[in-house]
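Results of the structural survey
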Amino acid sequence: MTRKPPLPGGEDPAGFAFAVSAYVMWGILPLFWRLFDDVPSFELTVHRVLWCAVFAGGITLARGRVFTILRLVRNPRVLGTLVLTAVLVSINWLVFIYSVASQQLVEASLGYYINPLISIALGVFLMGERISRIRIVAVAIACIGVAIKAFALGHVPWIAPVLALSFGFYGYFRKSVPAEALDGLTVEMWILFPLTFGLIVYWAVTGVGVFPNAGVSMDALLLLAGPLTAIPLALFSAGVRRIRLSTMGFLQYLTPTMTLLLATIFLGEAFTPIDAVTFGCVWAALALVALEGYFKRAGRVPV
C-alpha cells in the first residue's frame, strides 16, 4: 500500500487522523460519564484505571507485545517517565469526572481551551518547535477568547488550570517516550493497577463500593469504561508522536467545543453571550491555521 505524503510542515497524515479521532471521542464521552451520577468521582476514576489496565493488558497479550513491555519497564528512564505520565493522566481523569458529576462542564471546557495554549508553549519553548506568524496571531486570538471566558466565571477556576496543565504536560512527557502508543499506555495503567485493584477489592469486601453491588447493568458500564478510556488515549499517544505539539495544540480545540455543545444542547447548561464570543475567537484561530496550510502549499508563508 502506498504511503500517503506528509502534511504541510512534514507531518504524518496518519498522526493527524489519530489525533482528530481521539479528540472527537473525548468530546462525546461526557454523555457516558453522566451515567455514573451516583458513583463518587474518585471511585469511578479508580474503576476507569483498573478496567483500562485489564483491557490494555488483554490487547497486549493478543498482539504478542509482552516482551516489548518488559523491555520498556527495564529502562529506568522510560519507566520513570511513564510513572510520571500515569500520575498526570489519572489526575486529569479524576478532575474531569468530578466536573461532570458536579455539573461544571463549562469550567472543564475552559481548561481544555487553555490546554492547547500549554501544548503550543511547550512545543515552542521546551522542544524548539518553530511557530509561524499566522499561528502567533491565532494564539493571540484564542488567548483573548479564553481570557474573556475566565473573566466571566467571576472567580479563579481551579478545575480549568488543573486539567490544562496535567494533560499538557502529559502530552509533553509522553512524546519523549520511545514506545508505541498502546505499549506505553499499558505500562502506565499497570503501574497504577496494584493500587486500584486493592481499593476495589477493599470496597467490595466491606460493601461500601458500587462494584459488584449495584447490579449487572452498572457493573457492565464500569467494565466498558476500560476500552472507552484506552482507545482514545492510545489514539492520542499515536498522534502526539507523529505530529508537532503546536499542531496538536490547535486540534485540541475540538474536544472543548464538542463538550460545550453537549453541555448546552443535551445537559441543560446555559449558552451565554460570553460562550458565543469564546467560540468565535476559537474558530477564528482555527480558520487562520487552516489558511496557513493553504498558503504554505502556495509557497506564500514562511514556516
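The preceding data block contains the structure.
About the thresholds
Residues numbered from 1 in each chain as written. Predicted model: local features only at pLDDT ≥ 70, side-chain atom pairs only at ≥ 80, totals over all residues. Heavy atoms only, no water. Core = buried A, V, L, I, M, F, W, Y, C linked by side-chain atoms within 4.5 Å. Buried < 20%, exposed > 50% of the residue type's maximum accessible area, 1.4 Å probe, protein only. Contact = heavy atoms within 4.5 Å. Axes fitted to C-alpha atoms, helices over the stretch in contact; angles between N-to-C directions. Helix = DSSP H or I, 4+ residues; strand = E, 2+ residues; numbered from the N terminus. Nonpolar A, V, L, I, M, F, W, Y, C, P; charged D, E, K, R; others polar. 1 Å grid on protein atoms, 1.4 Å probe; cavity = no way out; pocket = protein on both sides within 12 Å on 5 of 7 lines; lining within 4 Å. Points joined across faces, edges and corners; volume = space filled by probe spheres on them. Phe/Tyr/Trp six-rings, centres within 6.5 Å; stacked < 30°, edge-to-face > 60°.

All right, on to the nonpolar core then. In this structure, Trp33, Met189, Leu233 and Phe236 are the most contacted members of the largest nonpolar core, which totals 53 residues. Once residues lying within four places of it in the same chain are set aside, the contact partners of Leu233 are Trp26, Val89, Trp93, Phe167, Tyr170 and Leu185. Of all hydrophobic cores here, the second largest spans 18 residues; its members include Leu117, Ala142, Leu260 and Leu286.

With that settled, the discussion passes to the packing of helix α5 (residues 76-101) against helix α6 (residues 105-125). Where α5 contacts α6, the two axes come as close as 8 Å, and the packing angle between them is 145 degrees. Of the residues in α6, those in contact with Asn92, Phe96, Ser99 and Val100 of α5 are Leu105, Ala108 and Tyr112. For the contact of α5 with α6, the per-class residue count stands at five nonpolar, two polar and no charged.

A word on unusual backbone geometry. Phi angles above zero are rare outside glycine, and Gln103 is one such case at about 55 degrees. Considering the arrangement of structural elements, one finds Gln103 in the loop between α5 and α6. Since its relative accessible area comes to 55%, Gln103 is described here as exposed.

Next up on the list: the side chain of Thr257. As for its position among the elements, Thr257 is in helix α12 (residues 254-265). Excluding residues that lie within four positions of it along the chain, Thr257 makes contacts with Tyr113, Phe279 and Trp283.

Further remarks concern the layout of surface pockets. Its volume calculated, the second largest pocket comes out at about 220 Å³. Glu180, Ala181, Leu182, Ala234 and Ala238 are, among the 15 residues lining the second largest pocket, the residues nearest its centre. For the lining of the second largest pocket, the secondary-structure elements that each account for two or more residues are α3 (41-63), α9 (181-206) and α10 (216-240). No other element matches the six residues that α10 contributes to the lining of the second largest pocket.

Attention now moves to the packing of aromatic side chains. One pass over the structure, following the stated rule, counts 18 aromatic pairs. Between the aromatic rings of Phe167 and Tyr170, the centroid separation amounts to 5.7 Å while the plane-to-plane angle is 20 degrees, which identifies the pairing as stacked. Separated by three residues within a single helix, Phe167 and Tyr170 lie in helix α8 (residues 159-175), roughly one turn from each other. Here Phe167 matches Tyr170 in class, with each residue buried. Ring centres of Phe167 and Phe236 lie 4.8 Å apart, and the angle between their planes is 45 degrees; on these two criteria the pair is classed as tilted. In this pair, Phe167 is assigned in helix α8 and Phe236 in helix α10, connecting sequence segments 69 residues apart. An identical accessibility class is assigned to Phe167 and Phe236; each is buried.

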